[in-house]
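Here is how the chains run, residue by residue.
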Amino acid sequence: MPELPEVETIRRDLSQYFSGLVLDEIAVFGKRTLRRSLWTSQEIAEALEGLVLVEVTRYGKFILIGFGSAATNVKHYLVVHLGMSGRFVRKAALLNCEKDHTKLRLRFGAQELVFWDPRTFGEVFLEDELDQDGRPGSLSMTLGVDPIFDPKGVSRALFEVTKNSKRPIKSVLLDQGVVAGLGNIYSDEVLFRAHVKPTRRVGSLNTLEIETIVHMIQEVLNEAISMRGSSLNDKSYLDLAGLPGEYQQRVLVYGRHGKACGNCGSTIVRVQLCGRYSSYCQNCQR
Ligand SMILES: [Zn+2]
């Protein structure tokens, strides 16, 4: 599933290739893709066609494409969540055998941009305003802190949630209402670097451990962004040109159960927490 670094890579590509272009046509396909939207595909087209793509921002795992009539004046944000395996693709030709899975098509003159989502966990909706932190307005109350925009906010959020809580730290990191943007890959990597087991009850973490986790979130996410994200064998994430990221070559524990820990040589194990597997080293993580 695309996490913050993959979404940020897509955001940068979208901004680079499409900023300043006039949107000639847009169509959204499928009720499931529009499940959060208060607007129909037709209404979205009426609102956005003829406007300029002013900016592309991101909050957590959401991409926000701002359209307006002038360079600095955004009227509407087209908000896209990639879900489990949604992909933006610049050339529709790349997907010519699987057109059924096209959920969103945008045409800017001769340039076409397609959102392709075979599993339809992704979603598309329109939002008129962002809150002061850059969240889509309708998600202000439910979406937590974005760790890239507000590292200190992550520290505050974790200290708040760890008070007397028995939740395992891994499920807290995956909770988008606490930290927005982490998923299974990066939370496993963060906990390995912080020497904390995914099963640790957050109430048992000391101040130094929490601060180390906050620091490692920054370190891991920034490294992964610089390497254009992680592409696993299932190809659920590829960039706008259809190319994979490179961070999967850097992972220390995620998906490495049964292999030797690069730090101590012990065998990496995995455990199931809330329906998700977490990999960790029993020797390096406490
Ligand atoms: Zn180890």
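Position numbers for residues count from 1 along each chain, tracking the sequence in the order it is written. For a predicted model such as this one, the threshold for reporting local features is a pLDDT of at least 70, and the threshold for listing and counting side-chain atom pairs is 80 or more; totals across whole chains, interfaces and linings nevertheless cover every residue. With hydrogens and water excluded, all non-hydrogen atoms of the structure serve as input to the side-chain values.

1. What about the overall build of the protein chain?
To keep it simple, the criterion reads: Starting at the N terminus, helices and strands are each numbered in turn, a helix being any DSSP run of H or I of at least four residues and a strand any DSSP run of E of at least two. To get the radius of gyration, use the C-alpha atoms; to get the globule rule, take the number of residues to the power 0.38 and multiply by 2.2 Å. The criterion used for residue contact is that any of the two residues' heavy atoms lie within 4.5 Å.
Within the protein chain, the secondary structure is distributed over six helices and ten strands. Its C-alpha atoms give the protein chain a radius of gyration of 20 Å, within 12% of the compact-globule value 19 Å for 286 residues. Structurally, the protein chain occupies a C-alpha span of about 60 × 40 × 30 Å along its principal axes. The long-range fraction of contacts in the protein chain, counting pairs at least 24 apart against all pairs at least 6 apart in sequence, stands at 63%.

2. Looking at the domain arrangement of the protein chain
By a frequent convention, interface size equals the accessible area lost on bringing the separate parts together. Cut-off, in case you're wondering: Residue ranges assigned to each domain were obtained from an automatic or database domain assignment. Once two parts are joined, some of their accessible surface, as seen by a 1.4 Å probe, is lost; buried area is that loss totalled over both. A carboxyl oxygen of Asp or Glu within 4 Å of a side-chain nitrogen of Lys or Arg is what we treat as a salt bridge. In protein, a polar contact means a hydrogen-donor-capable atom and an acceptor-capable atom, both N or O and within 3.5 Å, with residues adjacent in sequence counting only if both atoms are side-chain atoms; elsewhere, any N or O pair within 3.5 Å suffices. Three residue categories are used. Nonpolar comprises Ala, Val, Leu, Ile, Met, Phe, Trp, Tyr, Cys and Pro, charged comprises Asp, Glu, Lys and Arg, and polar comprises the others, including Gly.
Segmenting the protein chain into domains produces domain 1 (4-139) and domain 2 (151-250). Each of domain 1 and domain 2 has a C-alpha centre, and the two are 26 Å apart. Tallying the contact residues gives 23 residues for domain 1 and 20 residues for domain 2. When the two sides are added together, the surface that domain 1 and domain 2 hide from each other amounts to roughly 1600 Å², 65% of it contributed by carbon and sulfur. Salt-bridge contacts for arginine 228 lead to aspartate 13; the nearest nitrogen and oxygen are separated by 2.8 Å. Viewed at the interface, domain 2 and domain 1 are joined by six residue pairs in polar contact (both at pLDDT 80 or more). Those elements that provide at least two residues to the side of domain 1 that touches domain 2 are α1 (4-18) and β5 (87-89). The dominant element in the side of domain 1 that touches domain 2, judged by the number of residues it contributes, is α1, at eleven residues. Of the residues assigned to the side of domain 1 that touches domain 2, the class counts are twelve nonpolar, four polar and seven charged.

3. Here's the deal with the pairing of strand β8 (residues 123-127)
Going by this rule: Burial classes follow relative accessibility: with a 1.4 Å probe on protein chains only, a residue under 20% of its type's maximum area counts as buried, one over 50% as exposed, and anything between as partly exposed. Two strands qualify as a pair provided that DSSP identifies no fewer than 2 bridges between them.
In terms of residue burial, β8 counts as a mostly covered element, since five of its five residues are buried. On β8, burial covers both faces: Glu123, Phe125 and Glu127 on one face and Val124 and Leu126 on the other are all buried. Across five bridges, the pairing between strand β4 (residues 73-81) and β8 is antiparallel. Considered in β8, the bridge of tyrosine 77 is made with glutamate 127.

4. Quick notes on the environment of leucine 53
With respect to the helices and strands, the residue leucine 53 is situated in strand β2 (residues 52-59). A relative accessible area of 3% means that leucine 53 is categorised as buried. C-alpha separation for the pair leucine 53 and isoleucine 217, spaced 164 residues apart in sequence, amounts to 31 Å. Apart from residues no more than four positions distant in its own chain, leucine 53 is found in contact with Phe18, Ser19, Gly20, Leu21, Ile65, Gly66, Phe67 and Phe108.

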